[in-house]
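# Fold and contact review
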Amino acid sequence: MAEPVIIIGAGIGGLSAAIRLAAAGQRVIVFEQNPLVGGKMNEIRTDGFRWDTGPSVITMRHVLEDLFTAAGRRLDDYLTLVPVEPLTRYFYLDGTVLDVTRDWPRMAEQIARLDERDVEGYLAYLAYAARLHRITGPVFIYDRPPTPGSLLRVSPADMRHVDAWRTMDAAIRGFVRSPHLRQLLGRFATYVGASPYRAPATLNVIAHVELTGGVWYPRGGIYAIARALERLARECGVEIHTGCRVEQIIVQQGAVQGVKLAGAQTVPARAVIANVDVATVYERLLPTTHTLRSPLRRLSRAEPSCSGFILLLGVEGSHLQLAHHNIFFSSDYPREFDDIFRRGQPPDDPTLYVAITSKTDAEDAPTGNENWFVLVNAPALGTAFDWVTRAASYRDHVLARLAERGLDVRQRIRSEHMLTPLDLERLTGARRGALYGLSSNNPLAAFRRPHNRARDVRGLYFAGGTAHPGGGVPMVTLSGAAAARLLLDDLA
Ligand SMILES: Cc1cc2nc3c(=O)[nH]c(=O)nc-3n(C[C@H](O)[C@H](O)[C@H](O)COP(=O)(O)OP(=O)(O)OC[C@H]3O[C@@H](n4cnc5c(N)ncnc54)[C@H](O)[C@@H]3O)c2cc1C
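What counts and how
Residues numbered from 1 in each chain as written. Predicted model: local features only at pLDDT ≥ 70, side-chain atom pairs only at ≥ 80, totals over all residues. Heavy atoms only, no water. Helix = DSSP H or I, 4+ residues; strand = E, 2+ residues; numbered from the N terminus. Rg over C-alpha atoms; globule rule 2.2 N^0.38 Å. Buried < 20%, exposed > 50% of the residue type's maximum accessible area, 1.4 Å probe, protein only. Contact = heavy atoms within 4.5 Å. Areas by Shrake-Rupley, 256 points an atom, 1.4 Å probe, with all protein chains shown as cover. Pairing = 2+ DSSP bridges. Axes fitted to C-alpha atoms, helices over the stretch in contact; angles between N-to-C directions. Patch = residues over 30% accessible without salt bridge, like charges linked within 9 Å, V, L, I, M, F, W, Y side chains within 5 Å. Salt bridge = Lys/Arg side-chain N within 4 Å of Asp/Glu carboxyl O. Expected span 1.5 Å × (residues − 1). Near = heavy atom within 4 Å. Domains from an automatic or database assignment. Polar contact = N/O pair within 3.5 Å; in protein donor to acceptor, adjacent residues only side chain to side chain. Parallel < 35°, antiparallel > 145°, perpendicular 65-115°, else oblique. Left-handed = near helix turned anticlockwise from the far one by under 90°. Nonpolar A, V, L, I, M, F, W, Y, C, P; charged D, E, K, R; others polar.

Turning to the overall build of the protein, a few remarks are in order. Along the protein, the regular secondary structure elements total 17 helices and 19 strands. Over its C-alpha trace the protein gives a radius of gyration of 22 Å, about what one expects of a compact globule, namely 23 Å for 492 residues. The C-alpha extent of the protein, read off along each of the three principal axes, is 65 × 60 × 45 Å. Burial statistics for the protein: of 492 residues in total, 58% are counted as buried. Counted over contacts in the protein with a minimum sequence separation of 6, partners at least 24 positions apart contribute 72%. Roughly 20000 Å² of accessible area belongs to the protein as shown, and the carbon and sulfur atoms make up 51% of that amount.

With that out of the way, let us pick up the sheet that holds strand 11 (residues 255-261). Picture the strands of a sheet paired through backbone hydrogen bonds; they go either parallel or antiparallel. With respect to topology, three strands assemble into an open sheet ordered 10-11-12, the strand pairing being antiparallel. A strand with exactly one partner marks an edge of an open sheet, and here the two such strands are strand 10 (246-252) and strand 12 (266-268). Averaged over neighbouring strand pairs, the angle between their axes works out to 30° when direction is ignored. As paired elements, strand 10 and strand 11 share six bridges and run antiparallel to each other. Counterpart to Val 251 in the pairing with strand 11 is Val 256.

On to a nonpolar patch on the surface. A surface patch of nonpolar side chains, about 370 Å² in accessible area, is lined by Trp 165, Leu 444 and Phe 447. Locating Trp 165 in the fold gives a position in the loop between helix 6 (156-159) and helix 7 (168-175). Given the relative accessible area of 72%, Trp 165 is considered exposed.

Moving on to the pattern of salt bridges. Taken as a whole and judged by the stated rule, the model has 40 salt bridges. Note that Arg 395 is salt-bridged to Asp 396, the shortest N-O span being 2.7 Å. Residue Asp 396 is classed as partly exposed on the basis of its relative accessible area of 42%. Within this structure, Glu 43, Arg 45, Arg 50, Asp 52, Arg 227 and Asp 364 form a network of salt bridges that share partners.

Now for helix 1 (residues 12-23). Between the first and last C-alpha of helix 1 there are 16 Å, a value that for 12 residues agrees with the 16 Å anticipated at 1.5 Å per step. Helix 1 sits mainly inside the fold: 10 of its 12 residues count as buried. The set of residues buried in helix 1 consists of Ile 12, Gly 13, Gly 14, Leu 15, Ser 16, Ala 17, Ala 18, Ile 19, Leu 21 and Ala 22. Count one or two residues on from helix 1 and you reach Gly 25, which has phi positive near 95°.

Taken together, 32 residues lie around the ligand, and Gly 13, Glu 32, Lys 40, Gly 472 and Val 473 are the ones closest in. Calculation on the ligand without its partners gives an accessible area of 1000 Å², and the protein chains cover 93% of this total. At the level of secondary structure, the elements contributing two or more residues to the shell around the ligand comprise helix 1 and helix 17 (473-491). With three residues, the top contributor of residues to the shell around the ligand is helix 17.

Partitioning the protein into structural domains gives domain 1 (5-42 + 220-300 + 440-491), domain 2 (114-212) and domain 3 (306-431). Measuring from the centre of the C-alpha atoms in domain 1 to the corresponding centre in domain 2 gives 29 Å. Taken together, the contact pairs 16 residues of domain 1 with 17 residues of domain 2. Between the two partners, domain 1 and domain 2, sit two salt bridges. Scanning the region where domain 1 abuts domain 2 turns up four residue pairs in polar contact (both at pLDDT 80 or more). Listing elements by their share of the side of domain 1 that touches domain 2, those giving two or more residues are helix 16 (445-448) and helix 17. When residues of the side of domain 1 that touches domain 2 are assigned to their parent elements, the largest contribution, five residues, is made by helix 17.

Put simply, helix 1 and helix 10 (residues 223-235) touch, their axes get as near as 9 Å, and they point 25° apart. If you check the angle between helix 1 and helix 10, you find them roughly parallel. The crossing of helix 1 and helix 10 is left-handed. Contacts between helix 1 and helix 10 involve Ile 12, Leu 15 and Ile 19 on the former and, on the latter, Ala 226, Leu 229, Glu 230, Leu 232 and Ala 233. Looking at the contact of helix 1 with helix 10 residue by residue, the classes come out as seven nonpolar, no polar and one charged.

Looking down a regular strand, the side chains alternate between one sheet face and the other. Strand 14 (residues 307-316) sits mainly inside the fold: nine of its 10 residues count as buried. Relative to strand 17 (residues 369-378), strand 14 runs antiparallel, the two being bridged by 10 bridges. Across the sheet, the residue bridging to Leu 312 is Phe 373, located in strand 17. Across six bridges, the pairing between strand 14 and strand 18 (residues 413-419) is antiparallel. Considered in strand 18, the bridge of Leu 311 is made with Met 418.

Before going further, it helps to spend a moment on the sheet that holds strand 6 (residues 88-91). Overall, mixed pairing links the seven strands, which are arranged 7-6-15-16-17-14-18 in an open sheet. Strands at the two margins of the open sheet, each flanked by one partner only, are strand 7 (97-100) and strand 18. On average, adjacent strands in this sheet sit at an angle of 20° to one another, irrespective of strand direction. Inspection of the sheet shows strand 6 paired to strand 7 by four bridges, in the antiparallel sense. Each residue of the ladder has a partner; that of Tyr 90, found in strand 7, is Leu 98.

Have a look at this one:
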């Protein structure tokens, strides 16, 4: 039997690569150190509540559909994706509540109440974001990593619209006047763990995939996606071993030979795809003799994307004022990002995100209760804040902030879990707890992100949030596709 392709890690990027390779006729074995697949996409159940612990907003449905199509299946036979409406409910300190909705007349009416001129400004912004997607998608998102050659596919006329040299916020200001809308549109930077005051305006493309493409929720919870991909992979013949940690990638004369598992068993492989943080691969999984071209030093110094502080709350009562996705904006957005990226501190006045899947899936909480996922953006792990000694008081602070916004649930918490950046690093292998790999706070981030094919080790590939095209569920699904395509090209 031909030696298999081994995939280290059953995160969404690893499963995506496994499915594509198996569908192309490769023998594929996945080793996952955790008891369950999914990586950062995970769930917890206690006291009759169920919470997703990682992603909560799913966009770019077509990316998942393409993966099922590549395996000759239909997504609808595995997952029921329902549109979330409103996409998000936004709460501002001055009492304004804005539902971002697919219902354009309702959306226009809400915008007009803020500033009538912003109705046309918002439409122009959507057109601008759609153009960014048309221009950048084929080169930076849906294909293998960009090269100077692939950039030639962008016409000179389109190239000047890539808009990499000003910030997201600067571009947004050119379209809308209302501070409410500016804050709302700037928030899309956080979908890749970046700051709207530093990330290149090109990242306004994220607004396109959500505001024009919509937000989807899989019945049964976001974790249903991981379950569906596991089922699809196994049906395609992928062997998945959970509770199986890879300790080393065996390399001889610059080429991958296989992997060594915890317990010293070795498994030969014709190629390896690491669905692991790229810097961690170089630091812990490759032999120390890797070549001078190793990107470890550069990656260790690179700024990570932000992390998060999470409270999973089983809350007694029904909160009719809340939707499935809710944002309570802070009073000073630039200061919040300064706290995160310059001071390395969790914000004193954080924007609070509250996702409640029991609004859509009633069985996620006992009758008369709700399952709250509260997320606050936090800095990647560093020296400025010690979560070991300060997490409990930050939890109290976040609950007090919610209370100030009219949501005092402190006496009505029936079940609770807390996840700090330290937990995210420990449980998911996220280096410094970063949710989305390396920072996108730089116009050249797309070029600096590690390639899906290792430069210095033949037969080694990368899929996942730290490799091209970056973090987030649709992106890592594409990352798996890019790694699989490069590997198949090389085998051919
Ligand atoms: C709190 C939070 C909120 C988020 N919100 C969103 C959101 O709303 N929308 C969105 O699109 N994205 C969101 N994301 C980001 C998204 O979850 C990630 O980008 C994506 O799931 C990462 O997938 P990945 O393929 O990089 O693999 P990972 O999820 O990083 O999984 C890697 C896997 O490899 C395994 N592994 C590592 N080392 C080894 C080893 N040596 N041997 C065996 N196995 C190993 C790990 O156990 C893990 O299962 C969020 C993430 C978090 C944490």
